Amino acid sequence: MRVVLAEDSVLLREGLIRLLEEAGCKVVAAVGDGPSLVAAVADHAPDIAVVDIRMPPTHTDEGLRAAVRIRRADPSAKILVLSQYVEVAYAGDLFADRAGGAGYLLKDRVVDVDELTDALRRVAAGGTVLDPQVVAQLFAARRDPLASLTPREREVLGLMAEGRTNTAICRRLVVSEGAVEKHIGNIFGKLGLAPSDSDHRRVMAVLTYLRL
């Protein structure tokens, strides 16, 4: 997997390069600011870009704005954002195009190579990955859409938002696959997601809930 990395801290950037290489990736470019990220993605057409949100000059949202610019130019571009903190508004901007192929992990998560590798593969394959803490805060910030869901349905939707498969949800909740399928069907119905040949209802359920 070919990766463009954007991280302004030299020490952290070097550490991430090593982690990415341990995960079987090839880092084709490592940059420290938003404009360089946009240029590197255009030059290298990577399988995925791994992006820090806060970069020079203001250290607020430069990385995110660069990622959004990349996605607007090419909705098929795959972006995995890393952040020190949960930024609810930033997560909304990242997933606003509903195209999939995007993820948001807290930096603490990348100390686990297996977790990072799994996230990279899912995002590169067009999936959506959200850190459990990000999911929790997004749920807390937007409770109204969940008013009609049962506690178990909210739990299942949270695991769906993390990008978990039905099988993974079964293992996590220690229930049958049939039970999970029933909960997901109820979620689709309560969120008004009718069957469709063109829309991936699993992704749309999460994004509709998050109002992205």
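About the cut-offs
- Residues numbered from 1 in each chain as written.
- Predicted model: local features only at pLDDT ≥ 70, side-chain atom pairs only at ≥ 80, totals over all residues.
- Heavy atoms only, no water.
- Helix = DSSP H or I, 4+ residues; strand = E, 2+ residues; numbered from the N terminus.
- Buried < 20%, exposed > 50% of the residue type's maximum accessible area, 1.4 Å probe, protein only.
- Contact = heavy atoms within 4.5 Å.
- Pairing = 2+ DSSP bridges.
- Axes fitted to C-alpha atoms, helices over the stretch in contact; angles between N-to-C directions.

1. Re the environment of Asn 166
And step 1. Checked against the element boundaries, Asn 166 lands in helix α8 (residues 166-173).
And step 2. Residue classification places Asn 166 among the buried positions, given a relative accessible area of 17%.
And step 3. Separated by 18 residues in the primary sequence, Asn 166 and Ile 184 place their C-alpha atoms 9.1 Å from one another.
And step 4. In contact with Asn 166, not counting residues within four places along its chain, are Glu 177, Val 180, Glu 181, Ile 184 and Arg 202.

2. Brief notes about unusual backbone geometry
And step 1. The peptide bond linking Pro 56 to Pro 57 adopts the cis configuration, its omega dihedral lying at 5°.
And step 2. Tracing the sequence through the fold places Pro 57 in the loop between β3 (48-52) and α3 (62-73).
And step 3. In this structure, Ala 45 is a non-glycine residue whose phi angle is positive, near 45°.
And step 4. Residue placement: Ala 45 occurs in the loop between α2 (34-44) and β3.
And step 5. Residues other than glycine seldom take positive phi values, yet Val 174 does so here, at roughly 55°.
And step 6. Classification of Val 174 by relative accessible area gives exposed; the value is 72%.

3. Notes on the sheet that holds strand β5 (residues 102-106)
And step 1. The strand order across the open sheet built from six strands is β2-β1-β3-β4-β5-β6, with neighbouring strands paired in parallel fashion. Two strands in the sheet have a free side with no partner beyond their single neighbour: β2 (26-31) and β6 (128-130). Taken pair by pair, the neighbouring strands of this sheet meet at an average axis angle of 20°, ignoring direction.
And step 2. The pairing of β3 with strand β4 (residues 79-83) spans four bridges and is parallel. Looking at β4, one finds that Ala 49 is bridged to Ile 79.

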